[in-house]
Amino acid sequence: MNIVIINGSPGKNGTTAKILELFVSCLWTYEFVNIEYINLSEFDISHCKGCCQCYKSGRCFISDDAEMLSEKIEKADGIIIGSPTYASNVSGILKDFIDRGHFVIEQLLTGKFA
Ligand SMILES: Cc1cc2nc3c(=O)[nH]c(=O)nc-3n(C[C@H](O)[C@H](O)[C@H](O)COP(=O)(O)O)c2cc1C
C-alpha cells in the first residue's frame, strides 16, 4: 500500500512536521506500507489561473511541479495532508496545491484513504 504524506507548512521542521513524523513512525511498522514524504515548500507550485482547461484535458498547462505531485497522489492508495492553520485556513502553499492538484474539479481523492 502506497501512502503519500504531504507537509503543507513552509517550515520543514515545524509543528506540522512533528505531527506528520508521528504518522511516519507508526506506518513504518507495517511491512506492506510504502511511504513517500513530500515537503511542499521544496517544490515549485504556481497559483491556479482559473482557466479550467484541466477540466477538459485532465492536465494543467502550467509547467511546474504540480502535475508531477498530482500523479504521485493519483497512484497512491492513501494520502495524509498536514498544514499549519493560517488565518483559520490551510497554508498558502497548500491552498495553491489544492487548487492546482485536481483535488476538487477532477476529484483526485475519490476512492482513496485520506
Ligand atoms: C501567517 C500566520 C497565520 C496564522 N493563523 C493562525 C490562525 O488563524 N489560528 C491559529 O490557531 N494559528 C495560526 N497561526 C499559527 C500556526 O498555525 C502555528 O504556529 C503552527 O503550529 C505553525 O506550524 P509549522 O510550525 O508547521 O509551520 C498562524 C501562523 C502564521 C505564520
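The structure under discussion appears in the preceding block.
Attention here is on the structure that accompanies the text. (Residues numbered from 1 in each chain as written. Predicted model: local features only at pLDDT ≥ 70, side-chain atom pairs only at ≥ 80, totals over all residues.)

**Description of the overall build of the protein chain**
Scanning the protein chain from terminus to terminus reveals four helices and three strands. Seen in sequence order, the protein chain has helices and strands lined up from the N terminus as β-α-β-α-α-β-α. Its C-alpha atoms give the protein chain a radius of gyration of 14 Å, near enough to 13 Å, the size a compact globule of 114 residues would have. Its C-alpha atoms give the protein chain principal-axis dimensions of about 40 × 30 × 25 Å. Per-residue burial over the protein chain gives 23% buried out of 114 residues. (Helix = DSSP H or I, 4+ residues; strand = E, 2+ residues; numbered from the N terminus. Rg over C-alpha atoms; globule rule 2.2 N^0.38 Å. Buried ≥ 20, exposed ≤ 12 C-beta atoms within 10 Å, placed from the backbone.)

**Points about the sheet that holds strand 3 (residues 78–82)**
Strand pairs in the sheet, formed through backbone hydrogen bonds, run parallel or antiparallel to each other. Across the sheet, three strands lie side by side as 2-1-3; this open sheet has parallel pairing. Here the strands that pair on one side only, and so sit at the sheet edges, are strand 2 (34–39) and strand 3. Strand-to-strand twist across the sheet, computed as the mean angle between neighbouring axes with direction ignored, equals 15 degrees. For strand 1 (residues 2–7) and strand 2, the ladder comprises six bridges, and the chain directions are parallel. If you follow valine 4 over to strand 2, its bridge partner there is glutamate 36. Here helix 1 (residues 15–27) sits on the sheet in contact with strand 1, strand 2 and strand 3, set at roughly 165 degrees to strand 1. Across the face of the sheet, helix 3 (residues 66–75) comes into contact with strand 1, strand 2 and strand 3 while running at roughly 140 degrees to strand 1. (Pairing = 2+ DSSP bridges. Axes fitted to C-alpha atoms, helices over the stretch in contact; angles between N-to-C directions. Contact = placed C-beta atoms within 7 Å.)

Read these as geometric descriptors, not functional statements.
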